[in-house]
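# What the coordinates show
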Protein chains: 2
Amino acid sequence: MAAVKSDIEIARAARKKPVVEIGARLGIPVEALAPYGHDKAKVGADFIASLADRKDGKLILVTAINPTPAGEGKTTTTVGLGDGLNRIGKKAVICIREPSLGPCFGVKGGAAGGGYAQVVPMEDINLHFTGDFHAITAAHNLLTAMIDNHVYWGNAENIDTRRITWRRVMDMNDRALRQVVASLGGVANGFPRESGFDITVASEIMAILCLASDLKDLERRLGDIVIGYRFDRTPVFARDLKADKAMTVLLKDAMQPNLVQTLENNPAFVHGGPFANIAHGCNSVIATRAALKLGDYVVTEAGFGADLGAEKFFDIKCRKSGLLPNAAVIVATVRALKMNGGVRKEDLGVEDVEALRRGSANLGRHIANVRKFGVPVVVAINHFISDTEDEIAAVKDYAARHGVDAILCRHWAEGSAGIEELAEKVVELAESGQAKFQPLYLDQLPLMEKIEIIASKIYHAGEVTSDKGVRDQLKAWEEQGYGDLPVCMAKTQYSFSTDPSLRGAPEGHIVHVREVRLSAGAGFVVAITGEIMTMPGLPRVPSAERIFLNDDGFVEGLF
Amino acid sequence: MAAVKSDIEIARAARKKPVVEIGARLGIPVEALAPYGHDKAKVGADFIASLADRKDGKLILVTAINPTPAGEGKTTTTVGLGDGLNRIGKKAVICIREPSLGPCFGVKGGAAGGGYAQVVPMEDINLHFTGDFHAITAAHNLLTAMIDNHVYWGNAENIDTRRITWRRVMDMNDRALRQVVASLGGVANGFPRESGFDITVASEIMAILCLASDLKDLERRLGDIVIGYRFDRTPVFARDLKADKAMTVLLKDAMQPNLVQTLENNPAFVHGGPFANIAHGCNSVIATRAALKLGDYVVTEAGFGADLGAEKFFDIKCRKSGLLPNAAVIVATVRALKMNGGVRKEDLGVEDVEALRRGSANLGRHIANVRKFGVPVVVAINHFISDTEDEIAAVKDYAARHGVDAILCRHWAEGSAGIEELAEKVVELAESGQAKFQPLYLDQLPLMEKIEIIASKIYHAGEVTSDKGVRDQLKAWEEQGYGDLPVCMAKTQYSFSTDPSLRGAPEGHIVHVREVRLSAGAGFVVAITGEIMTMPGLPRVPSAERIFLNDDGFVEGLF
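Residues numbered from 1 in each chain as written. Chains lettered and ligands numbered in written order. Predicted model: local features only at pLDDT ≥ 70, side-chain atom pairs only at ≥ 80, totals over all residues. Heavy atoms only, no water.

Going by the annotation in an unreviewed UniProt entry, the name recorded for chain A is Formate--tetrahydrofolate ligase, with Rhizobium puerariae given as the source organism. The Catalytic activity (unreviewed entry) comment attached to chain A in UniProt states, word for word, "(6S)-5,6,7,8-tetrahydrofolate + formate + ATP = (6R)-10-formyltetrahydrofolate + ADP + phosphate". Annotation of chain A in UniProt includes, under Sequence similarities (unreviewed entry), the sentence "Belongs to the formate--tetrahydrofolate ligase family." (UniProt positions renumbered as here; feature names shortened; annotations may be inferred.)

Right, dumping it as structure tokens:
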């Protein structure tokens with residue numbers, strides 16, 4: 001048996017085509033592509049605007065069971081399915097998120113798929129790529145600089161500096177920046193105040209860029225950002241500080257979707273990457289919409305498991321942008337289902353059909369949940385070499401009893417050849433006309449009621465609790481006109497509950513909303529349950545220590 | 001008379017050629033160019049390495065008298081001279097610095113030349129360009145994160161956190177970040193300590209990138225960075241924290257020169273932009289060297305006036321990289337010379353030959369100074385419409401009495417057609433064999449003696465003073481093996497003295513060295529005189545308030 005190649009070895013052996021050829025296959029003229037090197041390009045705003053009257057392709061969401069340390073392979077399956085659809089003769093486009101730079105130097109590997117289902121050039125995608133996140137960092141910090149500058153020069157808006165909620169961002173894992181006191185050193189440096197930094201992907205601007213339909217909409221949303229409150233408690237908007245237009249200038253290129261390719265030379269948009277807890281965790285609306293105009297099938301993914309990712313994809317991204325999903329794929333692995341059934345990671349190599357059946361309750365609930373949005377479902381079993389035939393049969397069996405197919409996929413090892421069956425099934429579902437998409441709750445319900453609906457219908461919680469301060473805040477926002485916004489749940493991704501150790505399909509648990517935040521520009525209210533880390537730290541031995549440029553100019557140690 | 005067009009109107013009307021055509025004129029094959037859009041590209045490392053055995057072209061430095069609010073037009077003249085040389089049939093390449101993003105949102109206009117002597121695309125060059133500065137920001141802050149992380153996980157290197165000299169950077173004018181206390185908020189966020197942010201162009205990494213000969217040399221220099229001191233006072237290097245290699249990975253693309261074009265479609269490298277006070281203020285060595293291999297003439301500039309810019313170009317950049325300048329152009333304007341002669345800005349429109357003669361002493365000293373490096377000189381009079389014939393004659397006269405030609409240049413209004421005479425003269429000087437370049441002082445002199453030589457020979461100071469602490473520090477570095485480094489003077493750019501209001505050619509003044517800093521990776525010791533601001537603030541009404549994207553997608557208000 002041949003040695004298994006690493007992701008990076010496979011990626012480096014890829015025979016990439018010039019990105020203009022990838023664009024040409026989608027009918028994008030070379031003038032509409034701004035190349036970044038020969039294998040990455042941005043698609044121009046004018047060209048995207050010119051597509052408005054075209055018919056949309058079918059939209060396929062790839063989501064997953066709750067993540068476990070065993071790994072599920074959602075991005076890998078998204079990429080594989082895109083390749084599979086192209087293999088069976090469909091014009092399919094992949095839409096995924098851009099990875100964050102900072103975590104690459106911590107513990108995280110790359111985020112461009114794996115095995116024979118990857119997007120390339122993976123080193124670039126994982127590092128600076130086309131500079132989108134740097135642009136977001138700059139726009140975010142320009143606004144902060146303008147806030148402190150406004151206060152410094154007399155504070156004409158009467159901003160209560162204790163109530164400034166807008167922080168700074170950096171695309172780096174740096175725990176030392178979580179909480180700082182700035183403007184020290186005397187009069188020339190301003191008025192000292194407490195603040196801090198989040199990682200760039202946690203910036204509201206990331207969410208805004210991913211939900212904006214075009215540059216005009218981007219500018220409007222940037223103006224809508226609430227940066228804090230005046231002494232009279234009225235909100236201060238970014239447009240009050242005249243920062244919105246210059247921020248738009250900084251983001252004009254970042255707003256355009258990035259085109260790259262899979263290992264099999266199929267087109268992939270990799271654009272935007274908001275957090276999936278305090279934000280909605282999906283790639284940009286502009287990329288998804290452009291892809292729908294250019295392809296017959298668009299395969300996209302949502303962050304974390306379906307309880308967070310799919311719910312936000314449907315209730316935030318699709319609701320607000322009018323996207324109509326035609327089918328959903330829920331990715332599961334035998335190993336992850338066994339962990340959901342109580343097997344420890346070190347025992348995953350041993351067949352355990354019983355544990356797998358127990359853990360499948362997690363899959364079952366995600367299937368039922370996705371169907372609540374009116375979207376037909378198929379399960380993808382992402383194959384691992386240790387899977388036994390009985391285990392695979394048990395998953396298929398379980399899914400069948402829930403009325404859906406579970407299809408074994410070998411795209412990791414075989415590329416598109418290993419995922420044809422899933423591709424065929426997805427086409428069948430998407431073309432069946434079964435999809436009758438509807439969000440989970442109505443816009444006009446009170447904000448707390450929206451939280452309760454998500455908690456009961458999706459999480460199967462028994463109760464939602466919160467302090468009076470939280471409820472008062474939600475009411476205040478309703479009075480200020482934010483009551484129609486959807487809710488963005490910040491919850492652990494590891495469980496349906498707020499307890500990360502509770503795998504499977506817990507029932508009747510309590511969801512405590514600790515804090516709520518307004519993302520007025522992005523257009524959602526964040527409900528925070530448990531501790532949410534928006535600035536990661538580095539581990540004892542950060543992967544940065546092992547990353548280097550080899551003598552051939554290739555990056556080593558990044559994955 | 002037709003209305004005078006603004007820089008941005010002229011730039012937008014430019015008929016740009018595809019950057020691959022610009023590259024082809026220099027013999028750069030399309031595979032060796034990584035395009036960023038259709039009008040910007042990076043030149044590949046392998047191609048640059050392949051040029052090593054070629055003969056070098058002639059190197060022309062453009063420098064200037066001490067800057068005044070009247071404006072001198074050094075970059076404009078650099079670009080104009082490049083165009084002029086091409087016009088008279090020479091294969092000339094321009095090498096200038098990249099502008100910093102942050103100051104664009106404060107008061108500063110763009111930095112890509114002006115009138116009919118500009119490099120384009122000017123909006124891109126002034127904003128994110130090819131992401132070089134973002135990469136430097138990321139590399140710098142990765143190192144800082146690794147320092148605090150090292151301390152957090154047990155501080156095996158025994159770093160004295162009070163003696164960490166490495167700060168953070170951001171490419172933004174943000175006075176609130178000059179001095180901060182970080183790692184607040186409890187155990188999980190580390191050990192609180194005072195620190196602060198500089199603007200990215202002030203990062204030592206910027207200077208390193210601009211002095212490194214290739215990626216290997218870059219990595220070695222990054223490892224040499226001293227981030228602070230242990231409790232036993234020994235220096236801690238970036239390589240002690242194993243940060244150097246990952247930083248190199250972040251900088252691998254930033255290290256490659258950026259190719260753009262002038263309004264007249266001539267090639268220009270715009271690469272690197274270190275501060276001209278705490279660093280050496282020149283574009284990258286790798287760009288200058290590549291240009292010398294590709295062109296017969298390379299026109300480059302140095303920051304500020306010749307007392308700082310030219311001195312550092314010669315004593316740091318040329319000394320350390322082996323570049324041999326063949327001629328120097330000193331840019332002056334009638335208006336600026338009149339200001340040096342005591343005329344107020346509001347009176348500059350009135351002819352005043354007497355004041356101009358007085359102020360020409362500033363020009364005269366710069367001429368004499370540049371000649372001390374063995375480089376032949378010509379003066380460029382950058383024409384303003386208010387200049388009178390008598391004033392121009394007076395400058396020519398003054399220069400002639402100092403044995404050099406002063407040539408009237410109308411490139412701002414006329415492009416290359418207005419600067420042919422200067423181009424011819426530069427060719428004559430460069431081909432004359434007159435240049436016998438030598439640095440001002442020998443490597444092996446004590447550091448304080450180097451400072452004294454610069455102060456006496458270039459500034460005409462009477463004395464250099466400093467506290468014992470400064471002298472002890474210089475001695476300590478000499479003992480640690482840093483005695484051979486050149487000195488980088490941080491002094492006001494507005495005067496030969498350390499008093500910015502002292503125009504003309506002051507004599508016998510005192511230069512007080514307030515502080516010294518070691519840039520061990522860049523390879524120089526910084527001597528700070530007066531207050532040096534390494535993090536600017538925004539003005540009361542920042543230009544950000546006026547910057548916007550117009551309906552045609554063009555940036556307005558940036559210039």
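### A look at the interface of chain A and chain B
Counting residues at the interface gives 65 residues for chain A, matched by 65 residues for chain B. When the buried surface of chain A facing chain B is broken down by residue, A:Trp153, A:Arg175 and A:Leu549 rank first, second and third, together holding 11% of it. At the junction of chain A with chain B, the criterion picks out six salt bridges. Residue A:Asp124 is joined to B:Lys252 by a salt bridge in which the shortest nitrogen-to-oxygen separation is 3.9 Å. On the surface where chain A and chain B come into contact, there are 29 residue pairs in polar contact (both at pLDDT 80 or more). (Contact = heavy atoms within 4.5 Å. Buried area = accessible area lost by both parts, 1.4 Å probe. Salt bridge = Lys/Arg side-chain N within 4 Å of Asp/Glu carboxyl O. Polar contact = N/O pair within 3.5 Å; in protein donor to acceptor, adjacent residues only side chain to side chain.)

### Observations regarding the sheet that holds strand E7 (residues 159-164) of chain A
Residue and element names in this part refer to chain A. Spatially, the three strands line up as an open sheet ordered E7-E12-E13, and their pairing is antiparallel. The open sheet has two edge strands with one neighbour each: E7 and strand E13 (235-237). On average, each strand axis in the sheet is tilted by 50 degrees relative to the strand beside it, whichever way the strands run. Strand direction decides the pairing type here: E7 and strand E12 (residues 226-230), joined by two bridges, are antiparallel. Across the sheet, residue Ile 159 finds its bridge partner in E12, namely Arg 230. (Pairing = 2+ DSSP bridges. Helix = DSSP H or I, 4+ residues; strand = E, 2+ residues; numbered from the N terminus. Axes fitted to C-alpha atoms, helices over the stretch in contact; angles between N-to-C directions.)

### Some remarks on the sheet that holds strand E13 (residues 235-237) of chain B
Residue and element names in this part refer to chain B. What the three strands build is an open sheet, ordered E7-E12-E13; its pairing is antiparallel. Strands with a single pairing partner mark the edges of an open sheet, and in this sheet they are strand E7 (159-164) and E13. Across this sheet, the average inter-strand angle for adjacent strands is 50 degrees, counted without regard to direction. The strands that helix H6 (residues 132-152) touches are E7 and strand E12 (226-230); relative to E7, the one it contacts most, it runs at about 135 degrees.

### So, the UniProt feature "binding site: ATP" (unreviewed entry) in chain A
Residues and elements named next belong to chain A. What UniProt calls "binding site: ATP" (unreviewed entry) maps, in this numbering, to Thr 68, Pro 69, Ala 70, Gly 71, Glu 72, Gly 73, Lys 74 and Thr 75. With respect to the helices, strands and loops of the structure, Thr 68 is situated in the loop between strand E3 (58-64) and helix H4 (74-87). With a relative accessible area of 8%, Thr 68 lands in the buried category. Every residue in contact with Thr 68, bar those within four places of it in the chain, is listed here: Ala 336, Met 339, Asn 340 and Arg 503. Along the polypeptide, Gly 71 turns up in the loop between E3 and H4. Aside from chain neighbours lying at most four places away, what touches Gly 71 is Thr 333 and Ala 336. (Buried < 20%, exposed > 50% of the residue type's maximum accessible area, 1.4 Å probe, protein only.)

### So, the relation of the copies chain A and chain B
Of the transformation placing chain A onto chain B, the axial shift is 0.0 Å and the rotation is 180 degrees, giving an RMSD of 0.0 Å. One copy is carried onto the other by what is essentially a two-fold rotation axis. Judged by C-alpha distance, A:Tyr36 is the residue of chain A that lies nearest the rotation axis, at 2.2 Å. Most of the interface of chain A is mirrored in chain B, where 100% of its interface residues again form contacts. (Least-squares fit on C-alpha atoms with pLDDT ≥ 70 in both.)

### A closer look at the pairing of strand E4 (residues 92-96) of chain B
Residues in a regular strand point their side chains to alternate faces of the sheet. All names here are of chain B. Among the five residues of E4, five are classified as buried, and the element is accordingly described as predominantly covered. Sheet topology places E4 next to strand E16 (residues 297-301); four bridges connect them, and they run parallel. Across the sheet, the residue bridging to Cys 95 is Thr 300, located in E16.

### Concerning the pattern of salt bridges
For the structure on display, the rule yields 74 salt bridges over all chains. We note a salt bridge from A:Arg319 to A:Asp443, for which the minimum N-O separation is 2.7 Å. Pair noted here: A:Arg319 is in helix H11 (residues 309-321) and A:Asp443 is in the loop between helix H16 (420-431) and helix H17 (447-458), with a separation of 124 residues, a long-range link. Using a relative accessible area of 29% as the deciding quantity, one classes A:Asp443 as partly exposed. Between B:Glu157 and B:Arg230 there is a salt bridge, with its nearest N and O atoms 2.8 Å apart. Pair noted here: B:Glu157 is in the loop between H6 and E7 and B:Arg230 is in strand E12, with a separation of 73 residues, a long-range link. Among the residues examined, B:Arg230 registers a relative accessible area of 15% and is labelled buried. Bridged by salt links that share partners, the residues A:Lys16, A:Asp39, A:Lys40, A:Asp124, B:Lys252 and B:Asp253 form one connected network.

### A closer look at the packing of aromatic side chains
Summed over the entire model, instances satisfying the criterion amount to ten aromatic pairs over all chains. The interplanar angle of 35 degrees and the centroid separation of 4.5 Å between the aromatic rings of A:Phe314 and A:Phe373 together place this pair among those described as tilted. Residue A:Phe314 is located in helix H11, and its partner A:Phe373 is located in the loop between helix H13 (353-371) and strand E18 (377-382); the two are separated by 59 residues in the primary sequence. A relative accessible area of 2% means that A:Phe373 is categorised as buried. Taken together, the ring pairs in this structure connect A:Phe313, A:Phe314, A:Phe373 and A:Phe437 into an aromatic cluster. Looking at A:Arg175, its charged tip hangs above the ring of B:Tyr152, at a distance of 3.7 Å from the centre. Note that B:Arg365 overlies the ring of B:Phe496, its terminal NZ or CZ placed 4.8 Å from the centroid. (Phe/Tyr/Trp six-rings, centres within 6.5 Å; stacked < 30°, edge-to-face > 60°. Lys NZ or Arg CZ within 6 Å of the ring centre and 35° of its normal.)

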